[in-house]
Structure formats: structure tokens, C-alpha cells
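# An overview of the molecular structure
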Amino acid sequence: MARGVGKSGEFVGAVVAALWPWSAEHHQKSLKRIPVLAVLDIGLIVRGLRYKSNYAVERRIEPFYKGGRVQVNRDGKFMFCPCGIKLNVIDIETGALLHSLEQDDQEDITAFVLSPDDEILVTGSRALLLKQWDWRENKCARTWKAVHVAPVAAMAFDCTSTLLATGGCDSTIKIWDMIKQYCTHNLKGSSGVVHLVEFHPDISRLQLFSSSMDYKIRIWDLNSSKCVAVLSGHFSAVTSLAFAADKDTLISSGRDKICMVWSLKTGESKRTIPVYESVEAAVLLPENGDFSQLGVKNQGLHFLTAGSKGVLKIWEAATAACVFTQAVPFEPVESKEEASERSLTHCMFVPGRNQFVTVSMEHNIVLYDAQTLQLRKQFAGYNDEVLDVKFLGPGDSHIVVATNSPQLKVFELATSHCQILYGHTETILALDVFRKGLMFVSCAKDKSLRVWRMSKDGKVTCVAQGLGHAHVVGTVSCSRLKESFVVTSSQDCTIKIWNIPESLTSKAKATLISSPETLHAQVTERGHDKDINSVAVSPNDKLIATGSQDRLAKLWSCSDCSLLGVFTGHKRGIWCVQFSPVDQVLATSSADGTLKLWGLQDFSCLKTFEGHDASVLKIIFVSRGTQLLSSGSDGLLKLWTIKTNECVKTLDGHEDKIWGLHSNKQDDMVVSGSSDSCITLWKDVTDIEQQEAQAKQEEQIMKEQELSNLLHEKRYLKALGLAISLDRPHTVLMVVKAILKEVDGRKHLEENILRLRKDQKEAVLAFLVTWNTNSRNCHEAQAVIEILLKHETPDCLLQYSGIKAAVESLLPYTERHFQRLSRLLEASMFIDFMWQNMKLADVSQQEDMTL
């Protein structure tokens, strides 16, 4: 639908303002009888205002990482993330998915590695196959057997990108020559899964380092294919190896909460550094960088660790001292489960970006500035089940997402940067955003609600929290006119109204808030006999609507939460309630698969929309209240026109329940979130499709005029080609008939048909199948068939698209035409015979009369 601007937009705004001036104090006086749904015809009155007809997927935010090693290419532009059977290539700047390298064998990828020169990418899967990819072109260059009898667990290239090492779950290590394409070494002797392999950076040494489940580090000499040294000291799995610039010092990290510094000359441990947490990665700081802000004051070896506590630490190898600890980006952990979720599983340094990249157990990938460890960008690799999603920001530049976790995720749409908001202690169930888009509210299973505020730079902080419900808080709604109050409802069947202090809404005062303020419920009312699934505030902040599992929707006064009316009619629980933005109407959706519109004057059902085959979970008004958009548990979205009760479009963009649905302020974008972990941004393409249809129609008219001109000028070849391009079988037939009417028509037809392209001949063949079914047009069809059979070889005809079906269709009608001709011939011979007999009788009679 076109957005109203200028005078049209002002008129719509005036109508909306006139429709919602009524207050709770003068409820009965102001509820004068208005023609119900009359205002919904505004779209037909206001000039330039049209219904929406379609939405198209503009973007998807899907899981792109499900665990394992992550790698970044040399210049820091692309990131490689394993996701089941796929390896996704992500553009770091935009967060867009560049390619998805998918295994043909449909088996999960167990390991992958990118060569140092960025040219070769190799993946290994559970099918025991290795694949070499041209990742820029999204093509598999070659596939070969891994020779391992169990899946490959680790991979590494040497610095020249010519040798590949694969460590398997079968306790063996294979070395592959990537140029000559054969296995050069089969190293045996490890115990259990070989989960770590690294080449020594000095290629002249030809050494490979590995570690397996016996917690030892083995050094293999590739010249002799033997293990020349074993470094023992760890008492748990070794997680990373880092080589110092002198190439004779090695740092190893382990899950035994220590890091060890080794001398490769003597094969002995120089120092053991207690880290007091399970370490997943140790990364050396570059020697030429300035790390004074990270506590690095002395020359010497310094390294960074990432582990189970979820923070980065800088260590000085010479003194075993921790010189810097990253500030905790979240509130103190309250349980072991939360601690494990926040732990880091991988860390690496990206020289091309001068940044450290970390990966958390929650599948979040974070980029930190190398000199300050300040967060620069964050990606959410996996969203889990999406329970709610809303547009956020003054220009709807962000979306806030509630997933099946206690953390909120705020995505910046332009860059895919993701903020993780900590505060709730249990799963967040619902969200709502205030009108200006800078403040929003969340509610969760921890029986609380939290108010969040976005600053000008896009940073979101918690400014208030409220406690008071006895059970899970399942739904929330914000005031519409001002940031003045919040309404929540819970499984305790109560409705609570929470006033927002002015200190939170004032920009000057809000910046001074150091810790979240505590909110207290001003009004509490028991609303239903069962769980309340939805709550909504009217556009004038005077009314509240609730929908419950008890199949009832109720209307309440906002001032004192007094009951004004009950809407009865749904056969199953109500999932969502929404006020119309332009009329005194309430929309409800239910598990009975229907949507209903109710009048607020007499609480009667005005319209019922049927079409969903499953529960309708969410509804929103679009097109300034003239249309509805609904989402179901079957993963479908449906667009409804209220005036006609018609389902205009069904959108299939999800594979599971769609819990979240929201429209932006411009009413030209919709975001949906589903249990399939996918967030979809839909763009209104009504205007685009109408423009395309109009352009197509104009082009069609121009071509038809051109065709008419060509026929008039007897330029049959161009006319034939144009008629074929227009896909007009009857017009092509008229052209053929016109050619045959000319002198030497058969010859001219033959010349024109033979000059057509193969695809044009295929089209003509398809057309003449239809012509041949009618005796009036069979002569033209047979004439074209004759030309094709005379001048095209059988092998060439067999290459034609649809030739088999064409022949099967042509044969019976052709036989029928010949039978008809045979009967005609027989009849003509009988007439000739009779004529000849009549002529003989007349001659003999004339002779007798003469005599």
C-alpha cells in the first residue's frame, strides 16, 4: 500500500485523532454509535491510498554457526563458520552470508581448514571424505577418501599451503601433498582422538605437533615419520599451541587450568602458569604492537587466554603474572549452567583487522580491538527458538529479539552487529516497544519485567525492573501516547499496571542512572480464570484488552483496571489481542484457527476470518488499519483485507510456529520470528509489483503494435519471432496463414521456419500441437510439421524440448485428419462416378432424339 503523504497523510492523521479522543471517565457519553468499520474505508476515500497485496523476503537472520572451530581469512574480510552439513562464509563488515558450502553426502562437517594463502579450503565430514573447495566460486574442486577409518577431528596447513595434516578419531595422523594430491605420511602412536595438529612455523624443520586424549604433546619428524619427542605436563586435554617468534618457544594451554611454556631445544618445560580456569585458547600478542593499555609494560613474551570464565586475560610469560583482566560484560553469574554458557571455546588473532576473535559456548562470535580489548563487533551465530521480535530505534534501525534464553539480542540491521543484554535470570517470553522506539520492556519466567533504554550511539542498558507477579510473566504492553506506564499479565491470572517514573523518560536524567530503578505495581486485578496470553493498550492509553486460555477477551479501564466488557465467541484459547489504530475495534486470534473483529461499543463480533489450518498466534494491523497480518503455528503468514474478508496473500517463510510479528513505523516492513530459529524481514512490494505489471503491460501493448505493423508490412520473419516471444499461439497461427496466402506461400513459410532459432522452433512445435486439434487449422499445422521433418534430422528433433509429448499428441489427431481426408476422397470419387454416368445418359438420349 502506498504511504499517504502531504494532504492525504494529514487527512488520515486527523481522522485517527478524531476517532480516539474518548476517555474512560466519559466512556458511556463518548461511545456514540458510529457506523462500525466505516473508518476502514478510508483507504478507498483518501487519494493515493491502496491496499497491500504482497510482501517479499528482504533478509533472513538464520543460524550460521552451531559449534566448532571458526576461521577468518588473511585480510580479515570473511569468516568461515561450520553449521551442520554446511560451512558458511560470512562477510564480516555486513554480516551477510556470502556462500554456503554444502556437503553432497548430507553428513555433518567435523573439521575444516583454510590455507594461509586463502586459496585452498578443505572440509572433512562424517562420511570419511575430504573435499577441496574453490570457496570464492562456491564450487567443490575435488573429493577424495580421508583414508581414516573414523571421522577427522582436526586439520592444519603448513606455512607454504602445500602440506595438509589431518588428525582422526582413529588415533592416526595423515599428511597430504596438496599439489601432487597424495598421502605422504601415516603417523601412528597417538592415544585416542587426535584433536590438535599444528605444523612448526619453520618449514625447514619439517615438524608436526599433535595432541590426543592422553594429554601429551607429540613432536613428529616428517623426514623420518617418527615421533622424536613427547612433552608431558598437562593433566587434561591440551586445547591450543602457540609458537613464539624465536621459533624455539612453545606455549600450550589446557583444561587443567594451566598454561605451560616449553623450550623446543631441550624439550623441557620452562614454566607452568596457573590460570585458575579451564583454558580453551592461548594466543601470543604480536611483538610489534603497543599493548600498554593492557598492562604490558615490559619486553618479553605475553599471551592472551580465553576460557571458562568468559573473560580475556593477558599474562606475562616470564613472571607468570596476569597483567590485565577484561571487564565483565555481564552481571555476576548465579549458577553453573549460566557460567558454562558464557565460557569461551575459541580465540584467535586476526592481523588483517588487528583484532582478537572469540567464540562463546552460546555461539556468539565477538571481535575485540587488539590494543584495548574493547568490543568492536558481535555476531549471534545461533538464536535458538525465537519467542518475540520487535523493531527498535527511532528509525527502526535495530530489532530486539527474545530467544529461548535469559539474554536479549539487539541486532543492528545495517551491520548485523549484535548486543547481548544480560539481566533476566530465566527465559524471556515477550517484548514491547514504546512509540518513540528508544525504550522497550521485556518480561520473563523469572516473574519480573525490565525496562531498557537505547542511547544515541545504539548502546542499550537496563534502567528499571519490576517484581511482584507470583508466576511466570508471559506478556507485556507499553503505553502508546507517552512513555508513562506498562501493563503485564501472568500465569497467576492477574493484570498489573506499572507507572514509569519521569526520571527514566527524561533524557537528561536517564543518563545519570547508574543502576536499574525498582518499579512497583500501581494496580493489580485478577483478570481471567486461566493463563493470560496477550495484553494490549489502546492508542489513546485509556483502555486495556486481555486474551486468555479461557477463550475470553476482556476490556478494562486503564485508570482503575475496572472491567468494561467481555468478548465471547472463540472456541479455543485466545493467543493475541490488538486494538485497531483507526477505529473502535479490537482484533483477536485464537487456537481455533480464526481471527475476529469486535466492536468496542456493544462488544459484538463484527467479522470472522477463516483460513488458517492451525492456531493463529499473532496479529497486527497494517495499511493504516485496513488490513490484518496474522501468523500461525504452521509457519504461515496471511494478509487479510478487512472490508472484503479476503485473504489476499499467504506467505511461506518459516518451518515452525511464528511467535513474533511486528511492523515498522513506515508500515513498509514486517519482521517475523519463529521456533525454527529464523528471523525474517519482509518488505512491502505492492508498489514494485504494480509498477512491474504496468511496465509489462505497456511493453506488451508496444509489441502488439509492432506486430501489427510488421504484418501490415509483410515482414513475416520478424512478425513470427515477435509473436513467439509474446507467447501468442493464435497470433503465430495468423502469421502462418498470412504467409501461406501469399504467392509461393509454402516456399516462403519454409524459408521463415528454417531461419528461426532452436528455442523458437520448440515454441512453434508446442503451438502446432494445439492447432492440430482443430480441423480448421490442421493444414497450417501439417505444413509446419512437414517442413520440420524434411529439414531436421531425427537426432536433432530428439533434442527438442517436449518432443515426446508433442509426437504423442500429434499422432491421434493426424490420423483422424487423414481418415477424414480418405472419406472425403471416397465421397468425391462417388460424385465423379455419378457425374460420369449422368453425362453418358444425356449423350445417348440426345442421339435418340436426333434419330
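In this convention, every chain numbers its residues from 1, walking through the sequence in written order. For a predicted model such as this one, the threshold for reporting local features is a pLDDT of at least 70, and the threshold for listing and counting side-chain atom pairs is 80 or more; totals across whole chains, interfaces and linings nevertheless cover every residue. No hydrogens and no water enter the side-chain calculation; it runs on all heavy atoms of the structure.

### Topic: helix α9 (residues 729-741)
- Numbering of helices and strands starts at the N terminus; helices are DSSP runs of H or I of at least 4 residues and strands are runs of E of at least 2. How far a helix is expected to stretch is found by multiplying one less than its residue total by 1.5 Å. Look at α9: 19 Å from first C-alpha to last across 13 residues, which is about the 18 Å you get at 1.5 Å a residue.
- The set of residues buried in α9 consists of Thr-731, Val-732, Leu-733, Val-735, Val-736 and Ile-739.
- The contact criterion used throughout is that any non-hydrogen atoms of two residues lie within 4.5 Å. Packed against the buried residues of α9 are α7 (686-712), α8 (716-725), α10 (745-754), α11 (758-771) and α12 (778-791). Per-residue accessibility, obtained with a 1.4 Å probe over protein chains only, is compared with the maximum for each type, and a residue is labelled buried under 20%, exposed over 50%, and partly exposed between these values.

### Quick notes on the pairing of strand β28 (residues 364-369)
- Taken across its six residues, β28 has six buried, putting it largely inside the fold.
- What you see with β28 is no split at all: Asn-364, Val-366 and Tyr-368 on one side and Ile-365, Leu-367 and Asp-369 on the other are buried throughout.
- The rule for pairing is simple: two strands pair if DSSP sees at least two bridges between them. Sheet topology note: the strand β27 (residues 355-360)/β28 ladder contains five bridges and is antiparallel. Within β28, the residue paired with Thr-358 across the bridge is Val-366.
- What sits between β27 and β28 in their antiparallel hairpin is a turn of three residues, with His-363 showing a positive phi close to 70 degrees.
- Direction of pairing for β28 relative to strand β29 (residues 375-380): antiparallel, over a ladder of five bridges. Across the sheet, the residue bridging to Tyr-368 is Leu-375, located in β29.
- Counted between consecutive antiparallel strands, the loop separating β28 from β29 contains five residues, among which Leu-373 sits at a positive phi close to 60 degrees.

### As for the sheet that holds strand β40 (residues 494-499)
- If you walk across this open sheet you meet the four strands as β38-β39-β40-β42, and the pairing is antiparallel. Every other strand in the sheet has two partners, leaving β38 (473-478) and β42 (521-526) as the edge strands with one partner each. The average angle at which neighbouring strand axes cross in this sheet is 20 degrees, direction not considered. Axes here refer to lines fitted to C-alpha atoms; in helices the fit is confined to the stretch in contact. Angles between the N-to-C directions go from 0 to 180 degrees.

### Digging into a nonpolar patch on the surface
- The residues that make up patches have over 30% relative accessible area and no salt bridge, and they are joined within 9 Å when like-charged or within 5 Å when they are Val, Leu, Ile, Met, Phe, Trp or Tyr. Here the accessible surface of atoms and residues is derived via Shrake-Rupley with a 1.4 Å probe, and residues count as covered only by protein chains that are part of the display. Just to be clear on terms, a salt bridge is a Lys or Arg side-chain nitrogen sitting within 4 Å of an Asp or Glu carboxyl oxygen. Together, Phe-830, Ile-831, Phe-833, Met-834, Trp-835 and Met-838 give the surface a local cluster of nonpolar side chains, amounting to about 680 Å² of exposed area.
- On the basis of relative accessible area, Phe-833 is assigned to the partly exposed category, the value being 48%.

### Thoughts on the pattern of salt bridges
- In the structure shown here, the tally under the stated rule is 18 salt bridges.
- Measuring nitrogen to oxygen at the nearest pair gives 2.7 Å for the salt bridge that ties Lys-761 to Glu-792. With Lys-761 in helix α11 and Glu-792 in the loop between α12 and α13 (794-798), the pair connects residues that are 31 residues apart, well separated along the chain. Each member of the pair, Lys-761 as well as Glu-792, is classed as buried.
- A network of salt bridges, in which partner residues are shared, links Asp-202, Arg-205, Asp-248 and Lys-265.

### Some thoughts on the side chain of Thr-305
- Structurally, Thr-305 can be placed in strand β23 (residues 302-307).
- Side chain to side chain, Thr-305 and Trp-315 meet in a polar contact 2.9 Å long. Pairs of N or O atoms are called polar contacts if they sit within 3.5 Å, as long as, within protein, a hydrogen donor faces a hydrogen acceptor (for residues adjacent in sequence, only side-chain-to-side-chain pairs).

### Notes on the confidence of the model for the protein
- Per-chain confidence: the protein averages 86 in pLDDT, with 90% of residues scoring 70 or above.
- Segment residues 1-48 is flagged for pLDDT under 50; beyond a separation of four residues in sequence, or across chains, it makes 93 contacts in the model. Per-residue confidence from the predictor is given as pLDDT, running between 0 and 100.

### What to know about the sheet that holds strand β35 (residues 439-444)
- The five strands lie next to each other as β34-β35-β36-β37-β41, forming an open sheet whose pairing is mixed. Looking at which strands have only one partner, the edges of the open sheet turn out to be β34 (428-433) and β41 (517-519). Across this sheet, the average inter-strand angle for adjacent strands is 25 degrees, counted without regard to direction.
- Across five bridges, β35 lies against strand β36 (residues 448-454) in antiparallel orientation. Paired with Cys-443 across the two strands is Leu-449, which belongs to β36.

### Some remarks on the packing of aromatic side chains
- Note on aromatic pairs: the rings of Phe, Tyr and Trp (six-membered ring only in Trp) are paired at centre separations within 6.5 Å, and the planes decide the class, stacked below 30 degrees, edge-to-face beyond 60, tilted for the rest. Evaluated as defined, the whole model comprises eleven aromatic pairs.
- A centroid spacing of 5.0 Å and a plane angle of 85 degrees characterise the contact between Phe-80 and Trp-135, whose relative ring orientation is edge-to-face. Taken together, the positions of Phe-80 in strand β3 (residues 78-83) and Trp-135 in the loop between β8 (129-134) and β9 (139-145) put the pair 55 residues apart, joining distant regions of the chain. The same class applies to Phe-80 as to Trp-135, namely buried.
- A ring is considered to have a charge above it if a Lys NZ or an Arg CZ atom is located within 6 Å of its centre and within 35 degrees of its normal. Against the face of Trp-144 rests Arg-142, its NZ or CZ located 3.9 Å from the ring centre.

### A word on the packing of α11 against α12
- Taken N-terminus to C-terminus, the directions of α11 and α12 make an angle of 145 degrees; their axes are 9 Å apart at the nearest point. Crossing of α11 against α12: the hand is left-handed. Between α11, through Lys-761, Val-764, Leu-765, Leu-768 and Trp-771, and α12, the contact on the second element is made entirely by Cys-778, Ala-781, Val-784, Ile-785 and Leu-788.
- Throughout, the ten residues Ala, Val, Leu, Ile, Met, Phe, Trp, Tyr, Cys and Pro are labelled nonpolar, Asp, Glu, Lys and Arg are labelled charged, and all others, Gly among them, are labelled polar. Split into classes, the residues belonging to the contact of α11 with α12 amount to nine nonpolar, no polar and one charged. Working rule for handedness: look at the near helix, and if it is turned counterclockwise from the far one by less than a right angle, call the crossing left-handed; if clockwise, right-handed.

### A short note on the environment of Val-535
- Tracing the backbone through its elements, the reader meets Val-535 in strand β43 (residues 532-537).
- On the basis of relative accessibility, which here comes to 5%, the residue Val-535 falls in the buried class.
- Once the C-alpha coordinates of Val-535 and Trp-575 are considered, the two residues, 40 residues apart in sequence, prove to be 9.7 Å apart.
- In this view, Val-535 contacts Thr-475, Val-476, Ser-477, Val-487, Ser-489, Ile-544, Ala-545, Thr-546 and Val-577; residues no more than four positions away in its chain are not counted.

### Points about the nonpolar core
- In these notes, a set of buried Ala, Val, Leu, Ile, Met, Phe, Trp, Tyr and Cys residues joined through side-chain atoms within 4.5 Å is what counts as a nonpolar core. By size, the foremost hydrophobic cluster in this structure holds 35 residues, and its most contacted members are Leu-768, Trp-771 and Val-784.
- Within the residue set of this core, elements represented by two or more residues are α7, α8, α9, α10, α11, α12 and α14 (803-850).
- Residue contributions to this core peak at seven residues, all from α11.

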